[in-house]
Amino acid sequence: MEGERRASQAPSSGLPAGGANGESPGGGAPFPGSSGSSALLQAEVLDLDEDEDDLEVFSKDASLMDMNSFSPMMPTSPLSMINQIKFEDEPDLKDLFITVDEPESHVTTIETFITYRIITKTSRGEFDSSEFEVRRRYQDFLWLKGKLEEAHPTLIIPPLPEKFIVKGMVERFNDDFIETRRKALHKFLNRIADHPTLTFNEDFKIFLTAQAWQGPGLLSRMGQTVRAVASSMRGVKNRPEEFMEMNNFIELFSQKINLIDKISQRIYKEEREYFDEMKEYGPIHILWSASEEDLVDTLKDVASCIDRCCKATEKRMSGLSEALLPVVHEYVLYSEMLMGVMKRRDQIQAELDSKVEVLTYKKADTDLLPEEIGKLEDKVECANNALKADWERWKQNMQNDIKLAFTDMAEENIHYYEQCLATWESFLTSQTNLHLEEASEDKP
Amino acid sequence: MEQAPPDPERQLQPAPLEPLGSPDAGLGAAVGKEAEGAGEESSGVDTMTHNNFWLKKIEISVSEAEKRTGRNAMNMQETYTAYLIETRSVEHTDGQSVLTDSLWRRYSEFELLRSYLLVYYPHIVVPPLPEKRAEFVWHKLSADNMDPDFVERRRIGLENFLLRIASHPILCRDKIFYLFLTQEGNWKETVNETGFQLKADSRLKALNATFRVKNPDKRFTDLKHYSDELQSVISHLLRVRARVADRLYGVYKVHGNYGRVFSEWSAIEKEMGDGLQSAGHHMDVFRGYMCRYASSIDDILEDEEHYADQLKEYLFYAEALRAVCRKHELMQYDLEMAAQDLASKKQQCEELVTGTVRTFSLKGMTTKLFGQETPEQREARIKVLEEQINEGEQQLKSKNLEGREFVKNAWADIERFKEQKNRDLKEALISYAVMQISMCKKGIQVWTNAKECFSKM
């Protein structure tokens with residue numbers, strides 16, 4: 001597992017503070033397909049301080065390499081270092097608490113939109129204060145996501161809730177929609193906070209703390225689209241075996257989770273329709289009791305049993321929509337996310353491959369090429385390692401989350417049936433008691 | 001509970017079913033038949049034990065249903081279902097039963113029996129037949145009369161019908177009923193020979209016609225309202241129940257879809273290896289539980305169908321109640337008409353005798369206009385009228401008596417019916433609770449097991 005690191009590797013001097021920021025440069029000699037090269041790489045990375053575009057991207061990656069490392073070369077703040085190490089094993093020792101609440105509607109001449117209040121509480125040194133309160137809109141979350149993807153192209157960034165809900169006639173400002181979105185946004189930020197690398201991202205900090213917020217510029221939004229188009233045009237050649245497997249898993253997982261999502265939504269719908277019919281069922285017995293003198297009590301009791309079961313159904317439904325549906329849906333979005341990550345990884349590799357091709361087949365400009373190729377090889381190495389490490393972490397989380405969600409669903413069902421059982425059993429008891437009373441009264 | 005003295009033509013004399021005690025014990029249950037199978041409690045049984053008679057007991061069952069083809073009245077081929085009716089006599093002392101009769105009948109013959117009973121026992125709340133066509137169906141149940149589930153439920157319904165008659169203090173002694181159980185061939189002819197169709201008052205069938213009764217009996221008016229309410233509320237209940245059943249079916253069945261997905265997922269997990277083998281296995285187990293959960297709804301709803309049938313019987317009983325009310329209404333109407341007619345004749349007579357014309361009559365006018373009638377003519381007319389008046393008075397007297405008898409007997413049977421209904425409906429509601437409990441227990445079991453799968457993964 002990536003967890004075991006070369007902590008013994010001596011750090012070189014001049015390592016800048018705040019490893020999450022893209023300061024530490026990347027590059028370095030790649031270890032062929034190894035998973036434990038990060039620390040060594042880090043040392044060599046430091047030497048290359050040039051500001052090249054891809055380097056900057058790469059440097060951001062470099063910082064990520066240590067995400068699973070116990071290396072002391074990461075962030076200098078001791079507290080955050082301890083937490084860095086502990087992140088994966090004991091998420092309870094986190095030092096960053098985020099809540100998303102209080103959706104508010106804002107009306108301007110051009111548009112209407114919703115903002116959400118974000119409260120951050122932290123004990124981290126690099127934050128100026130221990131508590132922050134800001135307001136952000138969905139667009140801003142999109143900006144943050146884009147920034148994170150830019151900085152860490154092969155890390156599994158948590159998904160955002162969809163822009164629009166395609167099916168149904170859900171208005172953008174429907175209460176249920178807003179609440180669902182709020183919960184998902186809350187999840188989004190917390191997932192970032194829990195991620196060993198992403199949690200130290202500078203843009204993340206800005207997002208959580210900046211009061212004067214201009215919002216995402218038009219250009220940066222455009223930049224995302226351009227990048228997306230570009231990446232989709234690269235082919236997939238020479239993909240290493242492990243990534244082939246990963247890709248297969250992702251495709252299959254995506255299929256399965258989508259199906260599970262559909263089934264779960266359908267179950268909710270069926271339960272709702274059952275509930276709607278049941279609501280009508282109980283009252284009929286009350287109506288009946290009005291014309292039956294001798295059966296009044298029995299009929300009324302049956303009616304109240306049915307009503308209680310109805311309430312239990314309602315509870316079951318809400319349990320489903322709290323526990324199972326959002327989790328499954330998040331993983332549907334995650335599966336799309338993963339495909340994007342695979343593409344980006346492929347793209348990085350394609351860059352390398354194309355340069356290698358040039359070197360192999362064309363003899364022109366071969367001077368600078370080896371150096372370029374060297375850098376790209378490092379880049380690929382880092383990207384692959386980052387992804388692999390994050391993949392393991394993601395898979396573990398996924399299994400836990402799905403397991404928990406289904407366990408919750410099972411519990412909701414158990415609870416539902418237990419409640420109904422108790423209701424009907426007490427009805428039976430009361431009827432039997434009544435019968436015994438009547439029988440003893442009849443005795444001469 | 002008083003009953004009318006048995007009509008010698010209708011009742012079995014002598015009959016193997018006759019009580020060994022005094023014939024006017026009158027407490028109809030003198031003929032005690034133990035109703036089996038449907039678990040019906042015979043009111044007769046109570047009075048039987050009460051009177052301490054030693055009696056032979058009869059068991060009736062509709063034990064089989066068979067598809068047959070034959071030719072109908074138009075000589076066209078048709079398919080129908082025939083039902084096997086077996087009658088056993090049970091020795092009281094040792095409880096052993098001997099098959100005494102067994103024959104096949106089809107639904108239309110049951111209908112004929114009931115029509116006959118309706119005509120000859122108008123003061124009795126005649127037990128209803130199970131429905132001819134499946135109604136209040138939810139989507140899975142076939143509305144097809146040939147569907148095996150429908151046939152099975154109908155078999156039970158027909159058995160119940162016969163047991164109800166057999167446990168009725170008066171109806172059980174009917175000769176035609178006895179022949180229905182014992183004489184396969186020629187039974188239809190025998191019934192038709194009674195001429196009951198002619199006796200049937202066609203006005204009873206004209207449901208929409210209202211007869212303006214000047215002095216309605218409040219008890220019967222109330223009973224009619226009650227039967228309307230009963231019919232309306234049970235229909236409503238059955239309709240909603242069918243919809244609830246449909247929805248419940250949907251909820252259970254959708255869970256079955258999890259089964260397929262998880263089984264495919266478990267294959268992936270198993271392929272991935274690295275310690276996820278057990279996850280795959282537990283997914284398979286989970287799949288099994290989801291499939292079992294999904295299919296458990298079939299049995300649950302089948303049980304509920306029997307509950308619905310119990311309610312349906314009382315839905316149809318409402319009709320039988322209404323029939324008794326209707327009969328009473330007609331009798332009352334006829335009575336009032338007869339009284340009115342008598343009164344007017346007396347009036348006419350008096351006028352002729354005294355020579356005064358107080359009431360307008362066409363004859364009176366014409367005689368005034370076209371000349372007086374002779375004293376001899378007048379005498380003749382008076383004599384005719386006096387005869388008619390005499391006759392009318394006799395008829396009125398007997399009609400009154402008939403009416404009072406009817407009310408007395410009808411009301412006795414209605415009381416009997418009420419007690420039966422209260423018992424049966426209470427039992428049905430309790431059985432519904434029992435079904436719900438069983439369903440809940442199954443649900444708890446499946447989901448507890450399912451939860452374990454995930455905790456073990």
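Residues numbered from 1 in each chain as written. Chains lettered and ligands numbered in written order. Predicted model: local features only at pLDDT ≥ 70, side-chain atom pairs only at ≥ 80, totals over all residues. Heavy atoms only, no water.

Asker: Mind laying out the overall build of chain A, listing which residues take part and the relevant values?
Answerer: Summing up its helical and strand segments, chain A has 10 helices and 3 strands in all. Seen in sequence order, chain A has helices and strands lined up from the N terminus as α-α-α-β-β-β-α-α-α-α-α-α-α. Looking at chain A as a whole, 48% of its 444 residues qualify as buried. The contacts in chain A between residues at least 6 apart in sequence include a share of 74% that link residues at least 24 apart. (Helix = DSSP H or I, 4+ residues; strand = E, 2+ residues; numbered from the N terminus. Buried < 20%, exposed > 50% of the residue type's maximum accessible area, 1.4 Å probe, protein only. Contact = heavy atoms within 4.5 Å.)

Asker: Explain a negative patch on the surface to me, using residue names and the numbers behind them.
Answerer: Together, Glu376(B), Glu379(B), Glu386(B), Glu387(B) and Glu391(B) give the surface a local cluster of negative charge. The topology assignment puts Glu391(B) in helix H11 (residues 375–456). (Patch = residues over 30% accessible without salt bridge, like charges linked within 9 Å, V, L, I, M, F, W, Y side chains within 5 Å. Areas by Shrake-Rupley, 256 points an atom, 1.4 Å probe, with all protein chains shown as cover. Salt bridge = Lys/Arg side-chain N within 4 Å of Asp/Glu carboxyl O. Lys, Arg positive; Asp, Glu negative; His and termini not counted. Charge placed at Lys NZ, Arg CZ, Asp CG, Glu CD.)

Asker: Residue-level account of the pattern of salt bridges, with values.
Answerer: Two side chains carrying opposite charge are able to pair once their charged atoms lie near each other. In this structure the tally under the stated criterion is 58 salt bridges over all chains. For Arg345(A), the salt bridge identified is with Asp346(A), shortest N-O distance 2.8 Å. With respect to class, Arg345(A) is no different from Asp346(A); both count as buried. Members of the salt-bridge network, linked through shared partners, are Glu131(B), Arg153(B), Arg241(B), Glu304(B), Glu305(B), Asp309(B) and Lys312(B).

Asker: I'd like a rundown of the packing of aromatic side chains, residues and numbers included.
Answerer: A full pass over the atoms with the stated rule returns 37 aromatic pairs over all chains. Taken together, a centroid distance of 5.1 Å and an interplanar angle of 50 degrees make the contact between Tyr116(B) and Tyr120(B) tilted. Taken as a pair, Tyr116(B) and Tyr120(B) lie in helix H2 (residues 107–120) at a separation of 4 residues, close to a single helical turn. Each member of the pair, Tyr116(B) as well as Tyr120(B), is classed as buried. Members of the aromatic cluster, joined through ring pairs, are Phe249(A), Phe253(A), Tyr331(A), Tyr334(A), Trp391(A), Trp394(A), Phe406(A), Tyr258(B), Phe262(B), Trp265(B), Phe286(B) and Phe454(B). Above the face of the Phe207(A) ring, Arg136(A) is positioned so that its terminal group lies 5.5 Å from the ring centre. Above the face of the Phe127(A) ring, Lys205(A) is positioned so that its terminal group lies 5.7 Å from the ring centre. (Phe/Tyr/Trp six-rings, centres within 6.5 Å; stacked < 30°, edge-to-face > 60°. Lys NZ or Arg CZ within 6 Å of the ring centre and 35° of its normal.)

Asker: Just give me the short version of the packing of H2(B) against helix H4 (residues 175–182) of chain B, but keep the residues and values in it.
Answerer: Residue and element names in this part refer to chain B. The contact between H2 and H4 brings their axes to 10 Å, and the two run at 165 degrees. Considering their axes alone, H2 and H4 lie roughly antiparallel with respect to each other. In this structure, H2 crosses over H4, and the sense of that crossing is left-handed. For the pair formed by H2 and H4, the contact residues are Glu109, Phe110, Leu113 and Tyr116 on the first element and Ile176, Phe177 and Phe180 on the second. Class assignment for the residues of the contact of H2 with H4 results in 6 nonpolar, no polar and 1 charged. (Axes fitted to C-alpha atoms, helices over the stretch in contact; angles between N-to-C directions. Parallel < 35°, antiparallel > 145°, perpendicular 65-115°, else oblique. Left-handed = near helix turned anticlockwise from the far one by under 90°. Nonpolar A, V, L, I, M, F, W, Y, C, P; charged D, E, K, R; others polar.)

Asker: With reference to specific residues and values, describe the sheet that holds strand S3 (residues 131–137) of chain A.
Answerer: Residues and elements named next belong to chain A. Read from one edge to the other, the open sheet built from 3 strands follows the order S1-S2-S3, with strand pairing classed as antiparallel. Every interior strand has two partners, whereas the edge strands, strand S1 (96–107) and S3, have only one. Neighbour-to-neighbour, the strand axes of this sheet turn through a mean angle of 20 degrees, independent of strand direction. In terms of strand pairing, strand S2 (residues 112–122) meets S3 through 7 bridges, oriented antiparallel. Directly across from Tyr116, in S3, lies its bridge partner Arg136. Sheet contacts for helix H5 (residues 175–194): S1 and S2; angle to S1, the most-contacted strand, approximately 145 degrees. (Pairing = 2+ DSSP bridges.)

Asker: Explain the nonpolar core to me, using residue names and the numbers behind them.
Answerer: Residues Leu189(A), Phe406(A), Trp424(A) and Tyr258(B) are the most contacted members of the largest nonpolar core, which totals 146 residues. If you tally residues by element for this core, the top one is helix H8 (residues 218–272) of chain B, at 22 residues. Setting aside chain neighbours within four positions, we find Trp424(A) in contact with Val302(A), Cys305(A), Ile306(A), Cys309(A), Tyr432(B), Ala433(B), Gln436(B) and Ile437(B). Listed in part, the 34 residues of the second largest apolar core include Ile58(B), Tyr120(B), Leu129(B) and Phe196(B). (Core = buried A, V, L, I, M, F, W, Y, C linked by side-chain atoms within 4.5 Å.)

Asker: Let's hear about the environment of Glu150(A): which residues, and what values?
Answerer: In this structure, Glu150(A) sits in helix H4 (residues 138–151). Glu150(A) sits 228 residues away from Asp378(A) along the chain, and the two C-alpha atoms are 18 Å apart.

Asker: Residues and numbers for unusual backbone geometry, please.
Answerer: Residue and element names in this part refer to chain B. Positive phi outside glycine occurs at Asn75, with the angle close to 60 degrees. For Asn75, the location among the structural elements is in the loop between strand S1 (57–71) and strand S2 (77–90). Its identity is not glycine, yet Asn186 carries a phi of approximately 75 degrees, on the positive side. Tracing the backbone shows Asn186 in the loop between H4 and helix H5 (187–193). Residue Asn186 is classed as exposed on the basis of its relative accessible area, which comes to 53%.

Asker: I'd like a rundown of the packing of H4(A) against H5(A), residues and numbers included.
Answerer: All names here are of chain A. The N-to-C vectors of H4 and H5 enclose an angle of 30 degrees; their axes lie 12 Å apart at closest approach. Between H4 and H5, the interaxial angle falls into the category roughly parallel. The element H4 and its partner H5 pack so that their crossing is left-handed. Contact residues: Tyr138, Phe141, Leu144, Lys145 and Leu148 in H4; Arg181, Leu185, Phe188, Leu189 and Ile192 in H5. Of the residues in the contact of H4 with H5, the class split is 8 nonpolar, no polar and 2 charged.

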